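Chains, contacts and geometry: an overview
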Amino acid sequence: MRLKPGALLRFYSLCGILVQVAATKNKARGSQGQFPLTQNVTVVEGGTANLTCRVDQNDNTSLQWSNPAQQTLYFDDKKALRDNRIELVRASWHELSISVSDVSLSDEGQYTCSLFTMPVKTSKAFLTVLGVPEKPQITGFTSPVMEGERMQLTCKTSGSKPAADIRWFKNDKEVKDVKYVKEEDSARKTFTVSSTLDFLADRSDDGAVVSCRVDHESLNSTPQIAMQVLEIHYTPLVKIISSNSWPEEGQSIILTCESKGKPVPEPVLWTKDGGELPDPERMVVNGRVLSISFLNKTDNGTYRCEAKNPIGRNSTEYVLIVHDVFNTLLPTTVIPSLTTATVTTNVALTASTTTSATATSIRDPNALAGQTGPDHALIGGIVAVVVFVTLCSIILLGRYLARHKGTYLTNEAKGAEDAPDADTAIINAEGSQVNAEEKKEYFI
């Protein structure tokens, strides 16, 4: 069978069409595994953002990056937009990476990576730009502040995106009860944040450090801090400290007046029972210290210490009670009195002895109660020595008189009682001492 030339041409054309359709279908089947992959990026304002688009399977198909305004940034390795901040990082059949330096808030938005297959495939990457908050400032403090006045401190920061967080601290201890205000800047999409700390000034706040801390994700865990040292003026606080908790007669005592205030209090004033100190020789004031020596009962009373500064004055009192000395009795010394003994012997050999003895114990009037002070102890020792010497003297004198006693002898005639008269008795008694005994008298 012989074909006509026109029919043969039509046959070849049909075959070409069929081959082209088959090739197109095969290419479509191959492109089904091609899809661009991107990731969202977050960058701090002023930093550098890296945008990467990857394709696992690519048969020499072009890649393109475009900005939120759909302006082409790079087509394969060719730069399309004149922006010196945009640079090519890497370009291949499987990846197209670019960088944007010195990022501003206006760069934020959705960026598109396109893979030019049939049909064109795209992937979105959102660029988030963080606004860095400005360094905070504390306002509302006027130095100095009087105790009891109300203080309102305000901490303010701007330029943050998203809104920053403000926290208050006093001596590293967080203060919770504060006011928080957030205002949005529509032009730049940033926020101005302020917080107010309200409290009554107290003397315990003097010298305290109040700090305002700004936390934000753009600060990389390094918060911005503003600090303010408080200066509070207050009236003096007065306290008396005693060196002797149980003062006794003869002892000493030191009273120290401690005063604390701001400004520093002037020298303190000491008074007793509402008047001046009665004995300046024993009551000596040295600055804030009152020293009282040789205490006695007249020192009992109320002692007042007063301190003042330009803010005001304050005082406190101390009641002094001088106690008796704790007594210890010395041993009692007995002084014996003189003793007299008389012995009488009758001529009739009938002895009649009469003895009279009197002993009186007399307590030494100088044997007083012992003193705890050194002077009283010395006096007691001297008295004891005198008494002892006196006793020894009396004993020696008695022994001396006993050895030198007086003796006399009286003789009466035996049977003189039978004589008719005295003359006869004398005659009969001459030379007769038979029945006579001595009559002795002793002196002690």
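See the structure above.
This write-up is about the structure you can find in this document. Please read all numbers here as calculations on a predicted model, not as lab measurements. (Residues numbered from 1 in each chain as written. Predicted model: local features only at pLDDT ≥ 70, side-chain atom pairs only at ≥ 80, totals over all residues. Heavy atoms only, no water.)

Pairing between the strands of a sheet is mediated by backbone hydrogen bonds and can be parallel or antiparallel. Taken in spatial order, the four strands of this open sheet run β10-β12-β16-β15, and their pairing is antiparallel. Each end of this open sheet is capped by a strand with a single partner; those strands are β10 (137–139) and β15 (179–185). Within this sheet the neighbouring strands show an average axis-to-axis angle of 20°, counted without direction. Where β10 meets strand β12 (residues 150–160), three bridges bridge the pair, whose relative direction is antiparallel. Among the inter-strand pairings, threonine 139 is bridged to a residue of β12, identified as threonine 154. (Pairing = 2+ DSSP bridges. Helix = DSSP H or I, 4+ residues; strand = E, 2+ residues; numbered from the N terminus. Axes fitted to C-alpha atoms, helices over the stretch in contact; angles between N-to-C directions.)

This part covers a nonpolar patch on the surface. Side chains of Phe75, Phe116 and Val120 sit close together on the surface and give an oily, nonpolar patch of about 230 Å² of accessible area. Structurally, valine 120 can be placed in the loop between β8 (109–115) and β9 (121–130). (Patch = residues over 30% accessible without salt bridge, like charges linked within 9 Å, V, L, I, M, F, W, Y side chains within 5 Å. Areas by Shrake-Rupley, 256 points an atom, 1.4 Å probe, with all protein chains shown as cover. Salt bridge = Lys/Arg side-chain N within 4 Å of Asp/Glu carboxyl O.)

Quick look at the sheet that holds strand β2 (residues 49–54) now. Taken in spatial order, the three strands of this open sheet run β2-β7-β6, and their pairing is antiparallel. Strands at the two margins of the open sheet, each flanked by one partner only, are β2 and β6 (86–91). When the angles between neighbouring strand axes are averaged without regard to direction, this sheet yields 15°.

As a rule of thumb, non-glycine residues mostly have phi less than zero, and peptide bonds are mostly trans rather than cis. The omega torsion of the bond from serine 143 to proline 144 falls at -5°, within 30 degrees of zero and hence cis. Turning to its location among the elements, proline 144 is positioned in the loop between β10 and β11 (145–146). With an omega of 0°, the peptide bond running from lysine 262 to proline 263 counts as cis. Mapped onto the elements of the fold, proline 263 is located in the loop between β20 (253–262) and β21 (269–272). A positive phi is found at phenylalanine 294, a non-glycine position, where the angle reads about 50°. Within the secondary structure, phenylalanine 294 is located in the loop between β23 (289–292) and β24 (301–309).

This paragraph deals with the nonpolar core. Counting 22 residues, the largest nonpolar core has Leu63, Trp65, Ile98 and Leu127 as the members making the most contacts within it. With 21 residues, the next largest nonpolar core counts Phe141, Ala164, Ala201 and Ala226 among its residues. (Core = buried A, V, L, I, M, F, W, Y, C linked by side-chain atoms within 4.5 Å. Buried < 20%, exposed > 50% of the residue type's maximum accessible area, 1.4 Å probe, protein only.)

Overall, the coordinates contain 21 salt bridges when judged by the stated rule. Residue arginine 304 pairs with glutamate 317 through a salt bridge whose shortest N-O separation is 2.4 Å. A residue pair is termed long-range when its members are at least 10 positions apart, and arginine 304 in strand β24 and glutamate 317 in strand β25 (residues 312–320) qualify at 13 residues. Within the structure, one salt-bridge network assembled from shared partners comprises Arg167, Glu174, Lys176, Arg213 and Asp215.

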